[in-house]
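Here are the chains, one letter per residue:
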Amino acid sequence: MEKIELMYEGKAKKVYSTDDPAYCIVSYKDDATAFNGEKKGTIVGKGVVNNRMSNFMFKLLEKNGIPTDFVEELNDRDAVLKRVEIVPLEVIVRNKAAGSFSKRFGVPEGTAFKTPTLEYCLKDDDLGDPMMNDSQIIAIGAATQDELDSIAKYTLKINEIMIDFFKQCKVDLIDFKIEFGRLPDGTIILADEISPDTCRFWDVETGEKLDKDRFRRDMGGVEEAYAEMMKRVGLDG
């Protein structure tokens, strides 16, 4: 399967059409952004890490009953995916306080929650990706109640699977952002990516940050952190 035409270019990926309208090819870039695109830079090798880790995690989730858009890894940066209509929501799960949650609610970073939190944000950079509740989402037609029920069910199961997996990698899954898509028949499936760009990963013993926060906060060692996550997951060979 080959790239035919560039359909969309986002902050981290390019999406190409193929000779089969049911599939697309996604190519991961090294471009890095933060704070809704206000901060920009490059993380060398990021596209390789995000592509390979996302593909690995999607295959793991598929084995555990989560339907995804993953089809095939073509090379270090490109993958074949099912074409979907993206549900215009960022779905965020938090297991410990960090980042914007700590700022909004005054909860110290690293505070463990009694239960995971589930948040929805409207995908709109111009509006700053505002948080939305279920009734607001349904009111504007971003998703139906049935779709939200499926998204919530899948998301909490994904969280359980990933917590267990990353514990084996000596990594604490602090929080993550995922997205979902609709197949032509309306079926909801997991889409987008799972990577150090979209998850907060902390070393279980030291608390060292192994994710995009190192870029957001000018901490240095960004490429090394991404490479370390590849190693922890077992993809550095």
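Here, every reference points to the structure presented above.
Here's a quick rundown of the structure. No experiment lies behind these values; they were computed from the predicted model shown.

Things to note about the sheet that holds strand 3 (residues 23-28)
So, point 1. Read across the sheet, five strands follow the order 1-2-3-7-6 without closing on themselves; strand pairing throughout is antiparallel. Edge positions in the sheet fall to strand 1 (6-9) and strand 6 (70-73), since each of these pairs with one other strand and no more. Taken over all neighbouring pairs, the strand axes of this sheet differ in orientation by 25° on average, direction set aside.
So, point 2. Pairing of strand 3 with strand 7 (residues 78-82), which is carried by five bridges, proceeds in the antiparallel orientation. Paired with V26 across the bridge in strand 7 is A79.
So, point 3. Across the sheet, helix 1 (residues 46-63) lies against strand 3, strand 6 and strand 7, angled at about 130° from strand 6, the strand it touches most.

Describing the side chain of T68
So, point 1. If you trace the backbone, T68 turns up in the loop between helix 1 and strand 6.
So, point 2. Given a relative accessible area of 0%, T68 falls into the buried group.
So, point 3. Of note is the side chain of T68, whose polar atom sits 3.2 Å from the backbone nitrogen of F70.
So, point 4. Setting aside its immediate chain neighbours within four residues, T68 contacts F58, E62, K82, I189 and L190.

Procedures and definitions
- Each residue is numbered by its place in its chain's sequence as written, counting from 1.
- Only residues with pLDDT of 70 or above have their local features reported here, since the model is predicted, and side-chain atom pairs are shown and tallied only from 80 upward, although totals for entire chains, interfaces and linings are computed over all residues.
- To obtain the side-chain values, all non-hydrogen atoms of the structure were used and water was disregarded.
- Two strands form a pair only when DSSP identifies at least two bridges running between them.
- The way it works is that DSSP assigns letters per residue, a run of H or I at least four long becomes a helix, a run of E at least two long becomes a strand, and they are numbered from the N terminus.
- Fitted lines through C-alpha atoms serve as axes, helices being fitted only where they are in contact, and the angles separating the N-to-C directions of these axes extend from 0 to 180 degrees.
- Residues are treated as being in contact if the distance between any of their heavy atoms lies within 4.5 Å.
- Relative accessibility decides the category of a residue: with a 1.4 Å probe and only protein chains considered, values under 20% of the type maximum give buried, values over 50% give exposed, and everything between is partly exposed.
- Residues adjacent in sequence count toward polar contacts only when both atoms are side-chain atoms; beyond that, a polar contact is any pair of N or O atoms within 3.5 Å, and within protein one must be able to donate a hydrogen and the other to accept it.

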